[in-house]
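Report on the structure
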Amino acid sequence: MEQSLLYPVVNAVRTDQKLDGLWRFSFDAVGVGPQEGWAKHLPKAVDMPVPASFNDFFTDKDAREYTGDFWYEKKFFVPADYQGRFVGLRFDAVTHRATIYVDGVKIRSHEGGFLPFVADVTDALHYGEENTVVVQGNNELSREALPAGDTITLKNGKKMVRPFFDFYNYSGINRSVHLITLPVERITDYTTDFTLAGADADVHYTVTTTGDHDVVAVLRDADGQVVAENTGKQGTLHVTDAHLWNVRAAYLYTLTLRITNDTTIVDEYSAEIGIRTIKIVGTEIQVNGQSVYLKGFGRHEDSPFAGRAFDLNVEKKDFSLMQWSGANSFRTSHYPYDEQVYQMADREGFLVIDEVPAVGFKMAAASFLGGLNQSFFKGPWIKPLHAKHLDQITDMIKRDKNHPSVFAWSLLNEPDTVTEESVPYFKQIFAETKDLDPQSRPRTFSLSEDDTIETSKDLDFPDIYLLNRYPGWYHYAGYQISDGEAGLREEMDKWAASGINKPIVFTEFGADTEAGLHKLPSVMWSEEYQVEVLEMFSRIFDSYPFIKGEQVWNFADFQTVEGNMRVNGNKKGIFTRDRQPKAAAFFYHKRWTNIPLDY
Ligand SMILES: CCC[C@@H]1NC[C@@H](O)[C@H](O)[C@H]1C(=O)O
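Spatial ordering of the open sheet is given by β18-β17-β20-β21, a layout of 4 strands whose pairing is antiparallel. Every interior strand has two partners, whereas the edge strands, β18 (226-231) and β21 (264-273), have only one. Strand-to-strand, the axes of this sheet are offset by a mean angle of 15°, without reference to chain direction. Sheet topology places strand β17 (residues 215-220) next to strand β20 (residues 253-261); 6 bridges connect them, and they run antiparallel. Bridging from a neighbouring strand, Val-218 pairs with Thr-256 of β20.

Structural data, given as structure tokens:
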């Protein structure tokens, strides 16, 4: 668990310099790096952009599919006047694990390819001189790490991953690297929670610091006017006539936390916050006491050239298309996204299901890829896996807890929940994560086709049921789709008869579609057929009042491993990978712009 995951800011007492750009890069297939001194300097290297996945820059398959250790190096100057401050290198994400060296000195390691970590380099730097940072990365998969998979060795000695999940194992320094300096006595974390009282609101806050000086909290409205302030490392800011943050009607205040020593500012941290409440009331998802219906997408951080890298240009385009489609929500399938995504969602009033990469926890997927056919939760890998799973849930909530857009935490995607062995695992992880979120937002996970109201052993745990269902594609497809609709209606009737008192959100449904393929009457893979599948699901969503959301799979076509069921990736996108609309995009533009928020 990281000590601080505050997003870097620049002010009178904090600095943030991005080290993005071209780094030196080298594979290390035979693992000679450590003994050959690569921690100090890479003997030979190519230029590699950061942030970016390295895979798609290469033209030879050994390089694109490379599995194992890889090394990055960057020289950076450290001003003399940084001495006496905390100096850190913040990696927004290195996939899947990394060890950091400065001038040959090992600083730390980190496991988890989709969450940030800070290397404290304060005592390792040469101040007033140029320094060298080296990153030893690794992208192997295993059953005891997230996301789950296998790494095999081919007869030619080369390693290869076999993911138990359906997105390409893009690897590298996928998000920005920051050189940050902070005061020695500083703010390391803060929490916010809200209560509404008529037109007023109370902002309950706590602040964690490294010292004993007190903290002043100041809240400003969108016009920069102070609306409340309080002294104390915890307290309540009372806001008269509060302007609430609402779905697709965002309003953001600025919370400024300051450590002062008489007149001097020791440290200061400001962030945008949205005053809103999230509650599950029976089968309703309520924002500020109003029921909301989720319209939107499962997504991926995925685009041509830079792979899984965060790209602000792509993100801006994606939000523009989501707004055009009439969406109001998305799931960060299947891993926490770059912090800037949540900042955009805060500003645009989107609701976000925030998900950790606990994907592939189902041997069926492995057997689909030629793995074992046993209960995933019975394997010897479960103990080390659980530790990493808990660590990544903890850091995801620590990092994202103050975003008004985040309304639920998804702790797994499509795990095996039909075996008795899964129950103790779920019981433990849900118990351990119960109090991590000061706002006690719903915790959930998605249920695959196998995990129904009759077969799943773990239905007591989630606060919302997320269903991933594929009649019309993986079964009852083509001309048999009418059986698929009948079957899903039968399942929904069973949920209805069960007296469930929790909301259901469909977080995956759809059909692979080759853009530009048209057929009358339709056939599978045609744009016309994708619309028929989505129309079928829409009829069902409109038939059951406890269905409180539809997040179609997927926003855009995305890269996967190669396979006889993938045509250069997963083509279930409503948009193509270069973000052009298929017919289904116009279907949703029409459907969602005519569905009211409290549908
Ligand atoms: C039947 C499982 C469906 C599966 N669910 C997880 C997603 O990450 C995949 O992309 C999706 C698919 O195969 O399209």
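Within a beta sheet, neighbouring strands are joined by backbone hydrogen bonds and run either parallel or antiparallel to one another. Strand order across the open sheet formed by 3 strands is β22-β23-β24, with antiparallel pairing between neighbours. Only two strands of the sheet have a single neighbouring strand rather than two, namely β22 (278-281) and β24 (290-291). Sheet topology note: the β22/strand β23 (residues 284-287) ladder contains 4 bridges and is antiparallel. What sits directly across from Ile-278, in β23, is Val-287.

On to the packing of aromatic side chains. Summed over the entire model, instances satisfying the criterion amount to 52 aromatic pairs. Ring geometry for Trp-38 against Trp-71: centres 5.7 Å apart, planes inclined by 75°, an arrangement best described as edge-to-face. Linking Trp-38 in the loop between β2 (21-27) and β3 (46-50) with Trp-71 in strand β4 (residues 69-78), this pair joins segments that are 33 residues apart in sequence. Trp-38 sits in the buried class, given a relative accessible area of 7%. On the numbers, 4.9 Å between centres and 50° between planes, the contact of Phe-377 with Tyr-425 is tilted. Here Phe-377, found in the loop between α4 (363-368) and α5 (382-400), pairs with Tyr-425, found in helix α6 (residues 422-432); they are 48 residues apart in sequence, far enough to count as distant. The same class applies to Phe-377 as to Tyr-425, namely buried. A connected cluster of aromatic rings, assembled from ring pairs, spans Phe-361, Phe-376, Phe-377, Trp-381, Tyr-425, Phe-426, Phe-430, Phe-445 and Phe-461. Geometry around Tyr-168 places Arg-64 over its ring, the cationic atom sitting 4.3 Å from the centre. In this arrangement the basic side chain of Arg-186 is found over the ring face of Phe-86, its NZ or CZ atom lying 4.1 Å from the centre.

Once that is clear, we can look at the site of the ligand. In the vicinity of the ligand, the contacting residues are Asp-166, His-334, Asn-413, Glu-414, Tyr-470, Tyr-474, Glu-508, Trp-553, Phe-558, Arg-566, Asn-570 and Lys-572. Between the ligand and Arg-566 there is a distance of 2.9 Å, counted from an oxygen atom to a side-chain nitrogen or oxygen. In isolation the ligand has 360 Å² of accessible area, and contact with the protein removes 85% of it.

For the protein, the domain assignment lists domain 1 (15-182), domain 2 (187-273) and domain 3 (278-593). Centre-to-centre, using C-alpha coordinates, domain 2 lies 33 Å away from domain 3. Contact residues are listed per partner, giving 16 residues for domain 2 and 20 residues for domain 3. With both chains or domains summed, domain 2 and domain 3 bury close to 1,500 Å², and 55% of this area falls on carbon and sulfur atoms.

Thresholds applied
Residues numbered from 1 in each chain as written. Predicted model: local features only at pLDDT ≥ 70, side-chain atom pairs only at ≥ 80, totals over all residues. Heavy atoms only, no water. Pairing = 2+ DSSP bridges. Helix = DSSP H or I, 4+ residues; strand = E, 2+ residues; numbered from the N terminus. Axes fitted to C-alpha atoms, helices over the stretch in contact; angles between N-to-C directions. Phe/Tyr/Trp six-rings, centres within 6.5 Å; stacked < 30°, edge-to-face > 60°. Buried < 20%, exposed > 50% of the residue type's maximum accessible area, 1.4 Å probe, protein only. Lys NZ or Arg CZ within 6 Å of the ring centre and 35° of its normal. Near = heavy atom within 4 Å. Polar contact = N/O pair within 3.5 Å; in protein donor to acceptor, adjacent residues only side chain to side chain. Areas by Shrake-Rupley, 256 points an atom, 1.4 Å probe, with all protein chains shown as cover. Domains from an automatic or database assignment. Contact = heavy atoms within 4.5 Å. Buried area = accessible area lost by both parts, 1.4 Å probe.

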